[in-house]
Amino acid sequence: MATDLLLFYLFGGVAVLASLLVVLRRNPMHSVLLLIVSFAALAALYITLGSPFAAVIQIIIYAGAIMVLFLFVVMLLNAHKEDEDLAAAPKGAAGPLRAGALLGVVLAVELVWALVKAGGTRDGALAAGASPDVTALGDVRELGRLLFTDYAFAFEVTSILIIVAMVGAVVLAKREI
Amino acid sequence: MVPLGHYLILSAILFATGTLGVFLRRNVITMLLSIEVMLNAVNLAFIAFGRTIGSADGQVIMFFVVTVAAAEAAVGLALVIALFRHRETLNPDTFTSLKW
């Protein structure tokens, strides 16, 4: 029981810290690498939630494929030194920046407040209503059955989405077609 | 077992961090990264809910979100390359040709 909570705070803290640094670092290269740390912490949280398949997907697709794509572009554009021209930005930019930061903090407070407020009533009801069978949740066979029966249409649409994204990326990035 | 509320609050904090990044950063690539942070916060909420009601649907939806994130990253980065080719910068404040 206590180890569960300890693991949650450990990996949750790592995820929050890494995500904050992603946002605050000036160097996009550091941001990408720190985001991989955040993804790894989230994958560990998925394992504590009894979803090893989600954790593996997170590592292979997110940390593996998507982040490599980002790293590629950062290196390709040689964009290691962002915001050199931030000083050259118009003087009026500081106001909107502060307003944006304020909005982000307000959003965080609001979300946490709403969840804490709702958590007292719904969390108990949810936990009492269903008996989570954690071992069954990690069953990849069940997940595959769901994907190809209940979610078959969404799964097929996904393949169209990927083709569209692929063609779009080629068209956009190519110099002349 | 860690209560659902803990995961939801963590998810809210991560989502707000991502929002903060979109507002604060002046670099298109970092803004895309912030969007990935937000998508991950949503994934965490889905999986936590799925665990709580004892259903695998949360994981299936997380799978779809990851697919959409991959497509978004591919198109978004292609856009970044196209923009960089035209303007030699990644600062979104300079992309104002559609501003009226």
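Residues numbered from 1 in each chain as written. Chains lettered and ligands numbered in written order. Predicted model: local features only at pLDDT ≥ 70, side-chain atom pairs only at ≥ 80, totals over all residues.

Observations regarding the overall build of chain B
Link 1 in the chain: If you tally the helices and strands in chain B, you get 3 helices and 0 strands.
Link 2 in the chain: By the compact-globule yardstick of 13 Å for 100 residues, chain B is too spread out, its C-alpha radius of gyration being 17 Å.
Link 3 in the chain: Summarising its shape, the C-alpha atoms of chain B cover approximately 50 × 25 × 20 Å along the three principal directions.
Link 4 in the chain: When each of the 100 residues of chain B is scored for burial, the buried share is 56%. (Helix = DSSP H or I, 4+ residues; strand = E, 2+ residues; numbered from the N terminus. Rg over C-alpha atoms; globule rule 2.2 N^0.38 Å. Buried ≥ 20, exposed ≤ 12 C-beta atoms within 10 Å, placed from the backbone.)

Considerations on the interface of chain B and chain A
Accessible area lost upon the coming together of the parts is a frequently used measure of interface size.
Link 1 in the chain: Between chain B and chain A, the contact holds 63 residues from the first and 76 residues from the second.
Link 2 in the chain: Those elements that provide at least two residues to the side of chain B that touches chain A are α1 (4-24), α2 (28-53) and α3 (57-87) of chain B.
Link 3 in the chain: Per element, the largest residue contribution to the side of chain B that touches chain A is 21 residues, and it comes from α3 of chain B.
Link 4 in the chain: Of the residues belonging to the side of chain B that touches chain A, the class tally is 43 nonpolar, 15 polar and 5 charged. (Contact = placed C-beta atoms within 7 Å. Nonpolar A, V, L, I, M, F, W, Y, C, P; charged D, E, K, R; others polar.)

Things to note about the nonpolar core
Link 1 in the chain: Counting 69 residues, the largest nonpolar core has F70 of chain A together with I29 and L44 of chain B as its most contacted members.
Link 2 in the chain: Contributions of two or more residues to this core are made by α1 (2-24), α2 (28-48), α3 (52-76) and α7 (152-173) of chain A together with α1, α2 and α3 of chain B.
Link 3 in the chain: Of the residues forming this core, the biggest block, 14 residues, is contributed by α2 of chain B.
Link 4 in the chain: The residue makeup of this core includes at least three contributed by each of domain 1 (1-83) and domain 2 (139-177) of chain A.
Link 5 in the chain: Here I29 of chain B is in contact with P28, F70, V73, V74 and A79 of chain A together with V80 and L90 of chain B, once residues within four sequence places are set aside. (Core = buried A, V, L, I, M, F, W, Y, C linked by C-beta atoms within 7 Å. Domains from an automatic or database assignment.)

Quick notes on the domain arrangement of chain A
Link 1 in the chain: Taken domain by domain, chain A consists of domain 1 (1-83) and domain 2 (139-177).
Link 2 in the chain: Computed from C-alpha coordinates alone, the two centres of domain 1 of chain A and domain 2 of chain A are separated by 23 Å.

Examining unusual backbone geometry
Link 1 in the chain: Not every positive phi belongs to a glycine, and E88 of chain B is a case in point at roughly 60 degrees.
Link 2 in the chain: Here E88 of chain B is to be found in the segment after α3.

Re α1 of chain B
Link 1 in the chain: For α1 of chain B, which comprises 21 residues, the first-to-last C-alpha distance of 30 Å matches the rise-based estimate of 30 Å (1.5 Å per residue) to within 8%.
Link 2 in the chain: The element α1 of chain B is extensively covered by neighbouring structure, given that 15 of its 21 residues are classed as buried. (Expected span 1.5 Å × (residues − 1).)

Describing the environment of A41 of chain A
All names here are of chain A.
Link 1 in the chain: Mapped onto the secondary structure, A41 falls in helix α2.
Link 2 in the chain: Residue classification places A41 among the partly exposed residues on the basis of 19 C-beta atoms within 10 Å.
Link 3 in the chain: A sequence separation of 25 residues divides A41 from V16, and the C-alpha atoms of the two residues are 9.2 Å apart.
Link 4 in the chain: Ignoring any residue separated from it by four or fewer positions in sequence, one finds A41 in contact with F11, V14, A15 and A18.

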